[in-house]
Amino acid sequence: EAVIAGGATIVQYRAKKKSAKDIYNTALVIRSITKKHHIPFIVNDRPDIALAVGADGVHIGQEDLPPQVVRKLIGERAILGMSTHTLSEVAGATKLKELSYISFGPVFPTRTKENAGAPVGTEELCRAVKLSSLPVVVVGGINFENIHSVLTCSPAGVAVAGAILSSENPEESTKALRREVEKATKLGK
């Protein structure tokens, strides 16, 4: 609720090391909150749990079920995103009509994902945004110090975890990041 009050426009639940039952129970709570505030809710890696809790979509990785299979499971109206880490993955993903968007990164070092891979940097992010016919959400280590550099690439969205969740005041941290995004949007960058 704090991040939504701070201006988050979408919430994704990612839990790699929890049991299916724990993921389901937490996802139910998140779905209830996001539904109350009319905020889209996406479940990471788990189309079964997304369906079970009535989530708005699923985000998959390169090693998860193929997008064609996930799309059949979740239906045509659901949001379906896929992680990409290289320009060749971006090029391949843009050919997939099942996808709603892609994420690209990590752009910077991150502590919220084990084995995230080497940071790709903002130059590569800008190339990915230009290459993709799908909306690109930038991920990986985004914080107050570097958000400006990713916004110059004009991504469709910015995913932030650590800078908000490790904050003493997640609502204020979300508001501050949101202000930076809005400022960049007004400047056309």
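What comes next concerns the included structure. Only a predicted model underlies this, so the values are computations on that prediction, with no experimental measurement involved.

## Some details on the environment of N25
Looking at where N25 falls in the secondary structure, it is placed in helix 2 (residues 20-36). A residue is classified by how much of its surface remains accessible, and N25, at 37% relative accessible area, is partly exposed. Taking the C-alpha atoms as reference points, N25 and I49, separated by 24 residues in sequence, lie 9.5 Å from one another.

## A short note on the pairing of strand 4 (residues 79-84)
Within a regular beta strand, the side chains point alternately toward one face of the sheet and then the other, so they alternate between its two faces. For strand 4, a buried count of five out of six residues is recorded, marking the element as mostly surrounded by other parts of the structure. Note: strand 3 (residues 57-60) against strand 4, four bridges, orientation parallel. Bridge pairing in strand 4 links G57 to I79. Once you follow strand 3 into helix 4 (residues 67-74) and on to strand 4, the crossover reads as right-handed. Here strand 4 runs beside strand 5 (residues 101-104); their pairing, made up of four bridges, is parallel. By the bridge assignment for strand 5, M82 is matched with I102. Regarding topology, helix 5 (residues 87-93) serves as the crossover connection from strand 4 to the parallel strand 5, and that connection is right-handed.

## Describing the side chain of S132
Within the element layout of this structure, S132 appears in the loop between helix 6 (121-131) and strand 6 (136-138). What makes S132 buried here is its relative accessible area of 11%. There is a polar contact of 2.8 Å between the side chain of S132 and the backbone oxygen of L134. The contacts of S132, once residues within four sequence positions are left out, are V90, T94 and I102.

## So, a nonpolar patch on the surface
Together, L51, L65, V69 and L73 give the surface a local cluster of nonpolar side chains, amounting to about 330 Å² of exposed area. Mapped onto the elements, L73 comes out in helix 4.

## Comments concerning the state of the cysteines
Going through the model one piece at a time under the given rule, you end up with one disulfide. Note that C126 is cross-linked by a disulfide to C153, the S-S spacing being 1.9 Å. The chirality of the disulfide connecting C126 with C153 is left-handed, given an S-S dihedral of about -75°. Placement of the pair is C126 in helix 6 and C153 in the loop between helix 7 (147-151) and strand 7 (157-158), with a sequence separation of 27 residues. On the accessibility criterion, C153 (7% relative accessible area) is buried.

What counts, and where the lines are drawn
Residues numbered from 1 in each chain as written. Predicted model: local features only at pLDDT ≥ 70, side-chain atom pairs only at ≥ 80, totals over all residues. Heavy atoms only, no water. Helix = DSSP H or I, 4+ residues; strand = E, 2+ residues; numbered from the N terminus. Buried < 20%, exposed > 50% of the residue type's maximum accessible area, 1.4 Å probe, protein only. Pairing = 2+ DSSP bridges. Right-handed = clockwise from strand over helix to strand, strands pointing away. Polar contact = N/O pair within 3.5 Å; in protein donor to acceptor, adjacent residues only side chain to side chain. Contact = heavy atoms within 4.5 Å. Patch = residues over 30% accessible without salt bridge, like charges linked within 9 Å, V, L, I, M, F, W, Y side chains within 5 Å. Areas by Shrake-Rupley, 256 points an atom, 1.4 Å probe, with all protein chains shown as cover. Salt bridge = Lys/Arg side-chain N within 4 Å of Asp/Glu carboxyl O. Disulfide = S-S within 2.5 Å.

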